Every structure is written in C-alpha cells, then in structure tokens.
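Coordinate inspection notes
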Amino acid sequence: HYSGLEEAVYRNIQACKELAQTTRTAYGPNGMNKMVINHLEKLFVTNDAATILRELEVQHPAAKMLVMASHMQEQEVGDGTNFVLVFAGVLLEMAEDLLRMGLSVSEASYIVIEGYEKACKKALEILPDLVCCSAKNLRDVEEVASLLHTSVMSKQYGNEQFLAKLIAQACVSILPDSGHFNVDNIRVCKIVGAGISASSVLHGMVFKKETEGDVTSVKDAKIAVYSCPFDGMITETKGTVLIKNAEELMNFSKGEENLMDLQVKAIADSGANVVVTGGKVADMALHYANKYNLMLVRLNSKWDLRRLCKTVGATALPRLTPPTLEEMGHCNSVYLSEVGDTQVVVFKHEKEDGAISTILIRGSTDNLMDDIERAVDDGVNTFKVLTRDKRLVPGGGATEIELAKQITSYGETCPGLDQYAIKKFAEAFEAIPRALAENSGVKANEVISKLYAVHQEGNKNVGFDIEAEAAAVKDMLEAGVLDTYLGKSWGIKLATNAAVTVLRVDQIIMAKPAGGPKPPSGKKDWDEDQND
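Notes on the structure follow. (Residues numbered from 1 in each chain as written. Predicted model: local features only at pLDDT ≥ 70, side-chain atom pairs only at ≥ 80, totals over all residues. Heavy atoms only, no water.)

Focus: the packing of helix H7 (residues 160-173) against helix H11 (residues 366-388)
Helix-helix packing is described using two parameters, namely the angle between the two axes and the distance between the axes. In the contact formed by H7 and H11, the axes pass within 10 Å of each other and the chain directions differ by 50°. As far as their axial angle goes, H11 and H7 are oblique. Once H7 is placed against H11, the crossing between them reads as right-handed. Facing Leu163, Ile167, Cys171 and Val172 of H7, the residues of H11 in contact are Ile372, Ala375, Val376, Gly379, Val380 and Phe383. (Axes fitted to C-alpha atoms, helices over the stretch in contact; angles between N-to-C directions. Helix = DSSP H or I, 4+ residues; strand = E, 2+ residues; numbered from the N terminus. Parallel < 35°, antiparallel > 145°, perpendicular 65-115°, else oblique. Left-handed = near helix turned anticlockwise from the far one by under 90°. Contact = heavy atoms within 4.5 Å.)

Written out as structure tokens, the structure reads:
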C-alpha cells in the first residue's frame, strides 16, 4: 500500500503514460491514423501528434505538462512533436520502475531527476558527434527535396517524393537573400477533386473566390486595395432631405450616381486596373467598375487582404480615394480560373523570388487534403530549421541507438545511485526504434539487438529499415532518411524537462468550489411588482 503522496506520483505517471501510448502507435511512416472528434464534433483523421493533442481536451494536469512540451516543440521546430511525447512517456515509465525499487518516493524522485538531468546534458554533448552530413545548397530544389523526404514521409508515406519536390520548389522560390525564411509566406489552397498528383505550385496567391464584375483577366495588373466596402460614402450623422417635387427626386439620385461615377473614374484614371476590396460591393459601384473596365475582387478576410498587400507590394487604403503609384501593387497577371469545378482568382508573379508562394493541393476528400496540408506544414518547417542550422543526423532510430549505447557507457562510469537513472535514460531511447518496428509489424526486440550489434562495430548511421519484410537494418545516410539536428536536440531537451517536471510533483491541488448543499435559489423576480 502506498501513502497518499506516493499514490499521487504514480497516478501522475500513469496519466502521462496513457497519453504517450495514444500517439506512440501513430509514430513513423507506418503509424496508424487516429480518428479524433473534437468538442465541435469536427472529424480529424490523422497520425500527426500535434493535431491529435490540439483537438483532444486533456484534463489531467500532469498529462498537460507533456502536451505543453509537445506544443513547444511544434512552435520551436514545427516537427518532432510525437518524438517528444513518446520519449517523455517512456522516461516516466522508466522512472516508475526506479521509484518501485524501495526508496521513499521523495528520495527516489530526487535521484531520478538528478540522473535524468545529467544524462540529458550528456546526450546533448554527444549529439554534435552524430551529425552525418549538412545541407550544402538550400537554393537547389533537388537537394532540398531529398532533405524534406523524411519529415513528409512520416505523414504521407508513398507520396513523399512528389510532395517534397512541391514543397522544395515553393520554399526555394521565396528564400530571400538574407536567408531569413518566413513560414507564413508559403500559403496552401485546398480544392476538392482530381488526386494528389494534380497538386501544383504557383508564385503568388490563389483565392477560392469569383470576380465581382465582368472583367475576368488582366495582364500587367496595377492593383488598388481597399479595406473599406466598395460603395458610396455614408455620412456619419443622419441627415434629412426634404424633397418637394419629382424633379428634385430625380436630381437627388442623379447626384449620387455622378458622385460614384467620379470616384470610380478617378481610380481608373490613376492607372489601376484591378480593385480588391475588403467589404461589400454596391450594385451602382459595380456598374461603374464595369464601365471603366476595372476588375473587381472581394476578399472577406482581413488576413488575406494583408497577405495580398505583402505579395503585390500594395497599401490597403481605408477610403475610396484614387491610389498613388506608391500605394498601388503590381503583379504580372490576375485572372479567374477554374480548378475542378471551383472558381479561383490567381494573382500571379512570374518573377522567381516572389514574396509569397501558394501550394495548390488537390485531393478526393477534405480529410485527405487536411492531412496533406499538415505534411506540407511539416516540410516547410523543416526547411525553416535548415535555414537556421544545416546539420543533419541519421533517422530511423540510428541516432537514438547510438545515444543509448554511449549514455549507458557513461552511466557505468558514474558513482552513486544516479547511475541507475542514467542507464534508464539510455534505455528510454530504445522506444523510438521499438515504436517504428512495432508499427511496421516487425519483432521489436530483434530489431534493437541487431541495431546494437551493428553500432558496436562503429556504424553510427545504421537504423531500422522500414521497407524490409523482416527485422532488417540499413545505412540511413545512403537511404536518405535524415532528421534535423535542431529538431532532435530540442526534442530531447523538452521531453526531459517535461518528465522531470512531472516527477517533481507530489500533489495536485485544484481550486474547486467546496462541497455541501447548494445555496437556496430564492424566487427569481422578487423585486418585480406582482400586480403587472
């Protein structure tokens, strides 16, 4: 029987283990998909840990620590969220074995925490030695595509060649000379129909909208962007007009028409031939836009409006005033196109180094396209990480087994009780190749013993061969299965921090209303007059 405090520690560990187990079966290219139905009853079919966690409402406070670590990895690296969860879960599982060895929980927790922190520090020291290659030229589409394979493969196994090439084209085309890559500059537009292989990259922006007026295509576009409705100005105060006869009524409406005519003519005279508005388009304004051959596009989202301004170099004007040359945006062509049976407006930049690229995703269902979008996000984030640090480590469990081997040797040199925790930390690394093997339907113990045997001979780059029928290993550098150095180091750091934080907790104190009878509700409208 445990005391109350010990019970709390074990309960925390149990909650975290269950959460990690959920995403563990989704790890790697052969991971199973999860069907998640969120609080709005929206259905997600995915094996992306970040999405699963975002849509699950995790209630247990200790399990929330793991979720937060995983979110941090998502923000910092954009990929490797499942690694953090699985690794942190196994660290806590190992800690449970140590806590059950007989010491009091507070003593054992201290020893385990001490050992884990030492081992984590050692792992981060060893990691630079495991770097197998670096990205040479991030402006070479073929090379970048080969480096993005691994991150795309874990989400879209089988389509990774095609998708990695698309993502590479989009990323390379907008990589600025300064090297500061912004993930937001890669947009995704999803259109149902055809198949994944019909997806393409466009320099510029694509909106699922129709044009408002008669003009549907403009070459060498000069674009005026308005954040206000395309309509006559309305006075801020209400005015009353007294009309005595029919002639005055005619003149009044004619005055309004003339005013609108002048406003639209002024915009056309400034050289603009495309008008983008963030509000509604009045019928009268539309009539004059057609008269002066202006192409009209309405964007409801202010974010879309801002991104368009960034793409074409325009300034969004708050009132219907004619734009100056500096305020107008430019792009090669704006045209209405039909993709499948969906009308889209394309703002196309021919020049290679456009500010924004759009990946047009095609697919048979919304769920499938959402999953491809998540794979694209991971690929784009991997490219961003490579612009910060070009180093790569072997994937497929090779890095983890090498770390496990070296940290076990380090644990044997440590005096004191924390050597047990250090060895358990090393053993926890085996969970990654184990998860890959289990999800591929191969005997995990056989894979791990083979990996250890090969690594003892000094082959650091050998990992689990996912495509083989049986438990086989191969050189990950030759196979092109590579993980980013930054992703791995952040993952180890965040998983260890999360596990240690959970182990430091011995009580969860929640602020909730006390029990007991509810206060009397009383009569509702006691101050109302009863005679009404």
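Quick word on H7
Look at H7: 20 Å from first C-alpha to last across 14 residues, which is about the 20 Å you get at 1.5 Å a residue. Counted residue by residue, H7 has 10 buried out of 14 residues, so it is predominantly covered. For H7, every residue scored as buried is listed here: Glu160, Leu163, Ala164, Leu166, Ile167, Ala168, Ala170, Cys171, Val172 and Ser173. For H7, the secondary structure elements touched by its buried residues are helix H6 (141-153), strand S4 (186-192), strand S5 (200-207), strand S12 (357-363) and H11. (Expected span 1.5 Å × (residues − 1). Buried < 20%, exposed > 50% of the residue type's maximum accessible area, 1.4 Å probe, protein only.)

Regarding the layout of surface pockets
Any empty space left between the atoms is revealed when a probe the size of a water molecule rolls over them. In this structure, the largest pocket occupies an estimated 840 Å³ of space. Every residue lining the largest pocket is counted, 48 residues in all, and those nearest its centre are Thr150, Ser151, Ser154, Val481 and Asp483. When contributions to the lining of the largest pocket are tallied by element, the ones reaching two or more residues are helix H4 (81-99), H6, H7, H11, helix H14 (431-439), helix H16 (476-479), strand S16 (482-484) and helix H17 (485-504). Top contributing element to the lining of the largest pocket by residue count: H6, with six residues. Looking at the lining of the largest pocket residue by residue, the classes come out as 20 nonpolar, 18 polar and 10 charged. There are two domains that each give the lining of the largest pocket at least three residues, and those are domain 1 (4-132 + 393-504) and domain 2 (136-193 + 364-389). (1 Å grid on protein atoms, 1.4 Å probe; cavity = no way out; pocket = protein on both sides within 12 Å on 5 of 7 lines; lining within 4 Å. Points joined across faces, edges and corners; volume = space filled by probe spheres on them. Nonpolar A, V, L, I, M, F, W, Y, C, P; charged D, E, K, R; others polar. Domains from an automatic or database assignment.)

Some words on the packing of H14 against helix H15 (residues 444-456)
Their axes nearest at 8 Å, the elements H14 and H15 cross at an angle of 135°. In this view, H14 runs oblique relative to H15, as classed from their interaxial angle. As H14 runs across H15, the sense of the crossing is right-handed. Contact with H14, carried on its side by Pro433, Arg434, Ala437 and Glu438, involves Ala444, Asn445, Val447, Ile448 and Leu451 of H15 and no other residues of that element. Counted by class, the contact of H14 with H15 contains six nonpolar, one polar and two charged residues.

Observations concerning the sheet that holds S16
Whether parallel or antiparallel, the strands of a sheet pair through hydrogen bonds between backbone atoms. On the basis of which strands lie adjacent, the open sheet formed by three strands has the order S3-S13-S16 and antiparallel pairing. Across the chains shown, the open sheet's two edge strands, defined by having one partner strand only, are strand S3 (133-134) and S16. Where strand S13 (residues 391-394) and S16 come together, three bridges link them in antiparallel fashion. Bridging across to S16, leucine 392 finds its partner in threonine 484. Contacts between H17 and the sheet are confined to S13 and S16, with S16 contributing the most and set at about 65° to the helix. (Pairing = 2+ DSSP bridges.)

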